[in-house]
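# Coordinate inspection notes
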Amino acid sequence: MKRYAPYIVFALMAVLPFLGLSTYVMHILILMLMWSVIGMAWNLLGGYCGQVSFGHAAFFGVGAYTAGILYFKGGVSAWWGIPLSIPILVVEALIIGFICLRLRGPFFALATLAMGEVFRVTAENLRNFTQGTLGIMLKERTWVEKTWYYYIILGLSLFTFLVVRKVIQSRLGYYFVAIREDQDAAESLGINTTLYKTIALCLSAVLTGLAGAFYTNYMGYIDPEVVFALHDISIVTIMVVMVGGVATFWGPVVGAVIMVILAEFIRSLPRLGSAHQTLFGILLILIIIFLPNGIVGDFSKLKRIFGFGRRS
Amino acid sequence: MDSVALEVLLQTLISGLLLGGLYALIGIGMTLIMGVMKIINLAHGELMMVAMYMAYWLFVLFHIDPYVSVLIVAPLMFLFGMAIQKFLINPVLKVESILPENQVILTVGIGMVLANLATIFFTSDYRSTPVDYASDAWYLSDYWRGSPIELSLSVPWTVSFVMAVIITIALWFFLSKTDTGKSIRATAQDIDAALLMGVNVERMRLITFGLGAALVGAAGCLFIPIYYLYPALGGRFTLIAFVITILGGLGSTVGAIIGGLLLGIFESLTATYIGMGWAPVGRFAIFILALIFLPGGVASLLRRRRLGG
Amino acid sequence: MTALLEVRGVSRFFGGLAAVMDVSFTVNKGEIVALIGPNGAGKTTLFNVINGFYKPSQGEIFFKGKRISGMKPHQICRLGIARTFQVVKPLQRMTVLDNVIASAFLRTKSRSEAEKKALEILKFTELYDDRDMISKGLPLGKRKRLEIARALATEPELLLLDESFAGLNPTELNKSIEIVKKIRESGITILIIEHHMKVIMSISDRIVVLNYGEKIAEGTPEEIANNPLVIEAYLGEAQDA
């Protein structure tokens, strides 16, 4: 039954557009799916392999800019960004991995954070190539309706879910978790930790970048401040996974749903709208202190707390 | 090299050195916290931002000179740092979770809250503190008539630099001569041994976080006369502090000083010869080069020399 | 007899201090060789050099005639040297079975094969009943045995055991000794670090003694027990205690 759960959930989601949902609701659903792709991708590297990246915006942004530059400089549809960003993202991940993966724990985290900023600043300064802070605007959108965008991102997230599950249940998954739990032990048990960390990083980078390429097509406008954002991309990615549940299959999906709803809700509040980062920050702090393994990871704990509350 | 080019180079080196002295102060605070707590404080720059707003308002409301307000702001930041340690970081140190990076993520959360609250209360406007000596400078030709080249030393930059040096020396004195300072160093070197020697590790952590915050707070006051102020500036300085710590060698105070100076000079060179917008890229380039070629930072070079191994 | 492992003039310095100094010895196929010496004698450092965590500052190490010094730990493990850690390093949040599966993957193609092998090894090391336990929750004796099980799953020809008996109660100790003997019977050569002198004397074929990083003696248990240098450096200390 558990095996088929993703197919059932995604089949149900495929029916949703037939309910005649408003454009706004469709937009929210698309954002949730996009964030669940990014979250699942991050989780592969951070949750399972234990390499916490603070710089996933570097991959999201490069995916987005590949699509944008193909359109702007290459004169082809930005959708080509989805297949063509893959080799670029692999090369990017190899370079970042070569530099950062030699560091452990929090130092890896910060090195990736710095890399994310390097990419943002570079995109801002390479004006001939990226238009700098002006950003890139798609003059014509593929569809006015949201339905097709929805199906594309739905397909991408199902694909991501299945890839992650396949990987985690294979030899790779065992190696990833072994590396997370104890890198020295893993190495002495014959696991080439550098190689497998690099594989995890490449997979995670490609999946994140695909979401970025989708973003360009869907939103029709990108600039470095948005797609390479430290807080609004890299940190929110971590929050999606932390809220939902680190190292769980469904955690990033649950986290994406909650974070997107929360972000929209906070933004809609008349006075608190500008305080959304404060509220996110407080939420992050509370989650870390009280639900360190997220809603899915600490589900039994949540049930216990609330179940107990009801009885007494 | 003609005299103009030489002038530009020397002037660039001077301003790099002055900037580096302030960077060193920021880096020392971060490296202290890293050494004792084994965590990276990603709210470090935001703490500096908070201190800068304090100094700014002290100046605007009570006309207290930023250099004087160090004496008010640093103690306040000390208390603020201790409060963060006691009520937020300490509880998380005890939480069991899959990712030990939780503590780092926590400091990110704290930084986000601080930056956002500053935006709400003070708007995201750029502010500068109109001290009347802001554009004063000493010129080489005033002291040496026949000088073939002209160099200038900005008064506030120089004063800030000198104060940063004084604070660093005071800190060195505290760490090496007082009992509390020695206990902090013992905790940084080996927690278990420190516990056995009867050091109150929990208290040392509180003091260290307070001290780190006070140092970066002091740096904030020194930056106020020479820099403008806006809520998002924290993130930038957090990164700078982190780059310095990597460059200097994790947890090494001397390394942080050298790292700060190196970074200041390097940034100043990039800004002059490549372009203002690329200064941050220069910062990261040096950071990446350090990661690849000097993984232990400057401190590892020092250590190698000393032990001759 | 052919030398399976040859340590040739190996030194390891840390910032000018020698943790291991010009140590040479060989381990022959099928032997149990013990590495003993007082605390800080450099035994674990030597293991770390053999297993590839540290590169030797001087000297070379050969395994089956192939030079392994300078290789990465995972390459050395693939060649057939597995080790356990003095401070046990289980993959904490994985079950006992998953711990062993993770290392069984080194020599197996599929998950089912790896699982089959892991289960065999868990029976061999008498951990089968605990296979679904999260390894963090195991008592020390079983965690030490899990270390051995994990190492065995990589199908080593040479097994490095770092104080696998320390801190065990008498029942656990006997069980572990039985397992080590069974391992040797299955054809695996063992190099073992141990403090427990009775165990050492009873199971090892030869003993190498380190003191302050240098080899001070080598020989059969009887020879070692009667060697005045050893008595002074090691047994003397043990008797004082």
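Before reading on, note that the structure itself is shown above.
Further remarks concern the overall build of chain A. From N to C terminus, chain A includes 16 helices and two strands. For 312 residues, the compact-globule estimate of 2.2 N^0.38 gives 20 Å, and chain A sits close to it at 19 Å. Overall, chain A is about 60 × 50 × 40 Å in size when its C-alpha atoms are taken along their principal axes. Within chain A, the fraction of its 312 residues that count as buried is 53%. Of the contacts formed within chain A by residues at least 6 apart in sequence, a portion of 77% connects residues at least 24 apart.

On to the overall build of chain B. When you go through chain B residue by residue, the secondary structure sums to 13 helices and two strands. Here the C-alpha atoms of chain B give a radius of gyration of 20 Å, agreeing with the 19 Å that 2.2 N^0.38 yields for 309 residues. Seen along its three principal axes, the alpha-carbon backbone of chain B occupies a region of about 65 × 55 × 35 Å. Within chain B, buried positions represent 51% of all 309 residues. The contacts in chain B between residues at least 6 apart in sequence include a share of 76% that link residues at least 24 apart.

Okay, the interface of chain B and chain A next. Counting residues at the interface gives 37 residues for chain B and 38 residues for chain A. For the side of chain B that touches chain A, the secondary structure elements donating two or more residues are α3 (66–94), α4 (102–122), α10 (233–248) and α12 (279–293) of chain B. With 12 residues, α4 of chain B is the single largest residue contributor to the side of chain B that touches chain A. The residue makeup of the side of chain B that touches chain A, split by class, is 30 nonpolar, six polar and one charged.

A separate point is the interface of chain A and chain C. Counting residues at the interface gives 17 residues for chain A and 21 residues for chain C. Residue assignment for the side of chain A that touches chain C shows that the elements contributing at least two residues are α8 (171–181) and α9 (183–188) of chain A.

Here the phi dihedral of Ala 247 of chain A falls at roughly 60 degrees; this positive angle occurs in a residue that is not glycine. For Ala 247 of chain A, the location among the structural elements is in the loop between α12 (230–244) and α13 (251–268). Take Ala 247 of chain A: there are 24 C-beta atoms within 10 Å of it, and that puts it in the buried class. Although it is not a glycine, Asp 22 of chain C sits at a positive phi angle of roughly 50 degrees. The residue Asp 22 of chain C is located in strand β2 (residues 17–28) in this model.

On to the nonpolar core. Counting residues in each nonpolar core, the largest one holds 277 residues, and the members touching the most others are Met 34 of chain A together with Ile 26 and Ala 51 of chain B. Leaving out residues up to four positions away in the same chain, Ile 26 of chain B has contacts with Met 48, Val 216, Ala 219, Phe 237, Ile 240 and Ala 241 of chain B.

Residues and elements named next belong to chain B. Where helix α7 (residues 179–189) contacts helix α9 (residues 201–223), the axes come no closer than 10 Å and their chain directions differ by 105 degrees. With respect to α9, the element α7 is oriented roughly perpendicular. When α7 is examined against α9, the residues Thr 180, Ser 183, Ile 184 and Thr 187 are found in contact with a partner set consisting of Val 201, Met 204, Ile 207 and Thr 208.

Here α8 of chain A crosses helix α3 (residues 96–104) of chain C at 110 degrees, and the two axes come no closer than 9 Å. In terms of orientation, α8 of chain A lies roughly perpendicular with respect to α3 of chain C. When you trace α8 of chain A past α3 of chain C, the crossing you get is left-handed. Between α8 of chain A and α3 of chain C, the contacting residues are Tyr 174, Tyr 175 and Ala 178 of chain A on the first element and Asp 98, Ile 101 and Ala 102 of chain C on the second. In terms of residue class, the contact of α8 of chain A with α3 of chain C is made up of five nonpolar, no polar and one charged.

Bringing the sheet that holds strand β4 (residues 58–63) of chain C into the picture now. Two orientations exist for strands paired in a sheet by backbone hydrogen bonds: parallel and antiparallel. All names here are of chain C. Pairing is antiparallel in the open sheet, where four strands are placed in the order β2-β1-β4-β5. Bordering the open sheet on either side are β2 and β5 (66–67), each of which pairs with just one other strand. Bridge analysis of strand β1 (residues 3–14) against β2 gives eight bridges, and the strand direction is antiparallel. Note that in β2 the partner of Phe 13 across the bridge is Ala 18. The sheet contacts of helix α1 (residues 43–51) involve β1, β2 and β4, and relative to β2 the element is tilted by about 65 degrees.

It is worth spelling out α4 of chain B at this point. Residue and element names in this part refer to chain B. End to end, α4 covers 30 Å across 21 residues, agreeing with the expected 30 Å (1.5 Å per residue, within 8%). Counted residue by residue, α4 has 16 buried out of 21 residues, so it is predominantly covered. Just beyond α4, the residue with positive phi is Thr 123, at close to 60 degrees.

Let's shift gears to the pairing of strand β9 (residues 206–211) of chain C. Residue and element names in this part refer to chain C. Most of β9 is tucked away: five of the six residues are buried. Sheet analysis places strand β3 (residues 32–36) next to β9, joined by four bridges and oriented parallel. Each residue of the ladder has a partner; that of Val 33, found in β9, is Arg 206. Here β9 runs beside strand β10 (residues 214–219); their pairing, made up of five bridges, is antiparallel. Paired with Ile 207 across the bridge in β10 is Gly 219.

So, about the sheet that holds β9 of chain C. Residues and elements named next belong to chain C. Here we have six strands laid out as an open sheet, ordered β6-β7-β8-β3-β9-β10, and mixed in their pairing. Lying at the two open borders of the sheet, with one neighbouring strand each, are β6 (81–83) and β10. Each strand of the sheet is rotated relative to its neighbour by a mean of 20 degrees, with strand direction disregarded. Taken strand by strand, α1 contacts β3, β6, β7 (158–162), β8 (189–193) and β9, and its axis lies near 150 degrees from that of β7.

It is worth spelling out the pairing of β8 of chain C at this point. Residue and element names in this part refer to chain C. Across the five residues that make up β8, a large majority, five, are buried. Examined bridge by bridge, β3 and β8 share four bridges and lie parallel to one another. Within the sheet, the bridge partner assigned to Leu 35 lies in β8 and is Ile 193. Sheet analysis places β7 next to β8, joined by five bridges and oriented parallel. The residue of β8 that forms the bridge with Leu 161 is Ile 192.

Okay, the environment of Pro 56 of chain C next. All names here are of chain C. Structurally, Pro 56 can be placed in the loop between α1 and β4. The class of Pro 56 is buried, set by 21 C-beta atoms lying within 10 Å. Separated by 103 residues in the primary sequence, Pro 56 and Leu 159 place their C-alpha atoms 20 Å from one another. The contacts of Pro 56, once residues within four sequence positions are left out, are Val 10, Ser 11, Arg 12, Val 49, Ile 61 and Ser 69.

Conventions we followed
Residues numbered from 1 in each chain as written. Chains lettered and ligands numbered in written order. Predicted model: local features only at pLDDT ≥ 70, side-chain atom pairs only at ≥ 80, totals over all residues. Helix = DSSP H or I, 4+ residues; strand = E, 2+ residues; numbered from the N terminus. Rg over C-alpha atoms; globule rule 2.2 N^0.38 Å. Buried ≥ 20, exposed ≤ 12 C-beta atoms within 10 Å, placed from the backbone. Contact = placed C-beta atoms within 7 Å. Nonpolar A, V, L, I, M, F, W, Y, C, P; charged D, E, K, R; others polar. Core = buried A, V, L, I, M, F, W, Y, C linked by C-beta atoms within 7 Å. Axes fitted to C-alpha atoms, helices over the stretch in contact; angles between N-to-C directions. Parallel < 35°, antiparallel > 145°, perpendicular 65-115°, else oblique. Left-handed = near helix turned anticlockwise from the far one by under 90°. Pairing = 2+ DSSP bridges. Expected span 1.5 Å × (residues − 1).

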